[in-house]
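# Structural description and commentary
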Amino acid sequence: KISTLMVLMVSILVTSIPSAFAANASNKLPFDDITISYAQKEIVRLAGLNIINGTGPRTFSPKKPVTRAEFIAMIDRLLQLEPVDNAIASFTDVRKKDWYYGWVQAGLNLGIVDGVRPEIFEPNKQISRQEVAALIVRATKMKAGSTSSSLPFVDSNKIASWAIPYVYTIHK
């Protein structure tokens, strides 16, 4: 009886220890939904540096596309900028009450951000790779590259003419 009881207790302990460790490991993560994300390490690091935030309490939504507003906020935080409260809004679709207002204004004041059209920013639109390239080049003050060089991407023909110098610069 003792050996049966001992085997039972050991098996209970053995099966409960991994789940206890898993619970402890997930409690150390800033977000509950990144436990199986390929980018978990990077998400944790960027959250620790206050460059990224979640989409809710303990939620990151790792598969959600990044918006133009979210990306400029990340760039501004990376550059250690503070939100700017410009008296006059530069874009009709970025209002003072919006969480991203100050971040967009800070990026605009430094020449990092542009609208998609005059007075239109489209803050909730998914950011494209070419827009990311342009923001990174502007934020780092790199000189935009050639407009005539061919790019080795399968979808190079889809890159807007205004973005070619930025994409080229990031690529080289």
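Within every chain, residues take consecutive numbers counted from 1 along the sequence as written. Whole-chain, interface and lining totals are the exception, using all residues; otherwise, since this is a predicted model, local features are given only for residues with pLDDT of at least 70 and side-chain atom pairs are given and counted only at 80 or more. Side-chain metrics rest on all non-hydrogen atoms present in the structure, leaving aside hydrogens and water.

Taken residue by residue, the protein chain gives an average pLDDT of 84. The fraction at 70 or more is 83%. The pLDDT score gives, residue by residue, the confidence of the prediction method on a 0 to 100 scale. Only heavy atoms matter for contacts: two residues are in contact if any of them lie within 4.5 Å across the pair. In the model, residues 1-26 has pLDDT below 50 throughout and makes three contacts with residues more than four positions away in sequence or in other chains.

Within helix α4 (residues 101-109), seven of the nine residues are buried, which leaves it mostly tucked inside the rest of the structure. Throughout, exposure labels follow a simple rule: accessible area from a 1.4 Å probe, protein chains only, divided by the maximum for the residue type, with under 20% read as buried, over 50% as exposed, and the rest as partly exposed. Starting at the N terminus, helices and strands are each numbered in turn, a helix being any DSSP run of H or I of at least four residues and a strand any DSSP run of E of at least two. Buried within α4 we find Tyr101, Gly102, Trp103, Val104, Gln105, Ala106 and Gly107. The inward-facing, buried residues of α4 abut α3 (68-78). Glycine 111 occupies a position one or two residues after α4 and carries a positive phi of about 75 degrees.

Moving on: helix α6 (residues 164-171). Regarding α6, the residues found buried are Ile164, Pro165, Tyr166, Val167 and Thr169. Turning to α6, the residues buried within the fold contact α5 (129-139).

A word on the packing of α5 against α6. Orientation is described by axes fitted as lines to C-alpha atoms, over the contacting stretch for helices, and by angles from 0 to 180 degrees between their N-to-C directions. Closest axis-to-axis distance for the α5/α6 pair is 8 Å, and the angle between their directions is 70 degrees. Accordingly, the angle class assigned to the pair α5 and α6 is roughly perpendicular. Mapping the contact onto sequence places Gln130, Ala133, Ala134, Ile136, Val137 and Arg138 in α5 and Tyr166, Val167, Thr169 and Ile170 in α6. Roughly parallel means an angle under 35 degrees; roughly antiparallel means over 145; roughly perpendicular covers 65 to 115; every other angle is labelled oblique.

Assignment of secondary structure puts aspartate 76 in helix α3. Note that His is not counted, nor are the chain ends; the positive residues are Lys and Arg, and the negative ones are Asp and Glu. Salt bridges are identified by distance alone: a Lys or Arg side-chain nitrogen within 4 Å of an Asp or Glu carboxyl oxygen. Arginine 77 provides the closest opposite charge to the buried, salt-bridge-free aspartate 76, at an N-O distance of 8.1 Å.

Although it is not a glycine, asparagine 50 sits at a positive phi angle of roughly 60 degrees. Phi at glutamate 122 is positive, roughly 55 degrees, even though this residue is not glycine. Inspection of the secondary structure puts glutamate 122 in the loop between α4 and α5.

The relative placement of two packed helices is expressed as an angle between their axes plus a distance between the axes. Contact pair α3 / α5: the axes reach a minimum separation of 11 Å and the direction vectors enclose 25 degrees. In terms of axis orientation, α3 runs roughly parallel to α5. Here α3 and α5 pass one another in a crossing that is right-handed. Within the contact between the two elements, α3 uses Arg68, Phe71, Ile72 and Ile75 and α5 uses Glu131, Val132, Leu135, Ile136 and Ala139. For this classification, Asp, Glu, Lys and Arg are treated as charged, while Ala, Val, Leu, Ile, Met, Phe, Trp, Tyr, Cys and Pro are nonpolar and the rest, including Gly, are polar. A class-by-class count of the residues in the contact of α3 with α5 yields seven nonpolar, no polar and two charged. Throughout, a crossing is termed right-handed when the near helix is turned clockwise from the far one, and left-handed when it is turned anticlockwise from it by less than a right angle.

Ring pairs shown here join Phe, Tyr and Trp side chains whose ring centres sit within 6.5 Å, with only the six-membered ring taken for Trp; geometry is labelled stacked below 30 degrees between planes, edge-to-face above 60, and tilted in between. As enumerated under the stated definition, the model contains four aromatic pairs in all. On the numbers, 5.3 Å between centres and 40 degrees between planes, the contact of phenylalanine 91 with phenylalanine 121 is tilted. In this pair, phenylalanine 91 sits in the loop between α3 and α4 while phenylalanine 121 sits in the loop between α4 and α5, placing the two residues 30 residues apart along the sequence.

Structurally, the position occupied by arginine 68 is in helix α3. Residue class for arginine 68 comes out buried when judged on its relative accessible area of 6%. In sequence terms arginine 68 and glutamine 126 are 58 residues apart; their C-alpha atoms lie 6.0 Å from each other. Filtering out sequence-adjacent residues up to four positions away, arginine 68 remains in contact with Asp114, Gly115, Val116, Phe121, Glu122, Pro123, Lys125, Ile127 and Glu131. We call two N or O atoms a polar contact when they sit within 3.5 Å, provided that within protein one can donate a hydrogen and the other can accept it, with sequence-adjacent residues counted only if both atoms are side-chain atoms. At 3.0 Å, the side chain of arginine 68 forms a polar contact with the backbone oxygen of aspartate 114.

Let us now look at the pattern of salt bridges. Per the stated rule, a full pass over the model turns up nine salt bridges. In this structure, the salt-bridge partner of arginine 68 is glutamate 131, at a minimum N-O distance of 2.8 Å. Taken together, the residues span a long stretch of sequence, with arginine 68 in helix α3 and glutamate 131 in helix α5 at a distance of 63 residues. The pair arginine 68 / glutamate 131 is uniform in exposure class, with both members buried. Glutamate 122 is the partner of arginine 117 in a salt bridge, and the nearest nitrogen-oxygen pair spans 3.4 Å. Salt bridges sharing partners connect three or more residues here, namely Arg117, Glu122 and Lys125.

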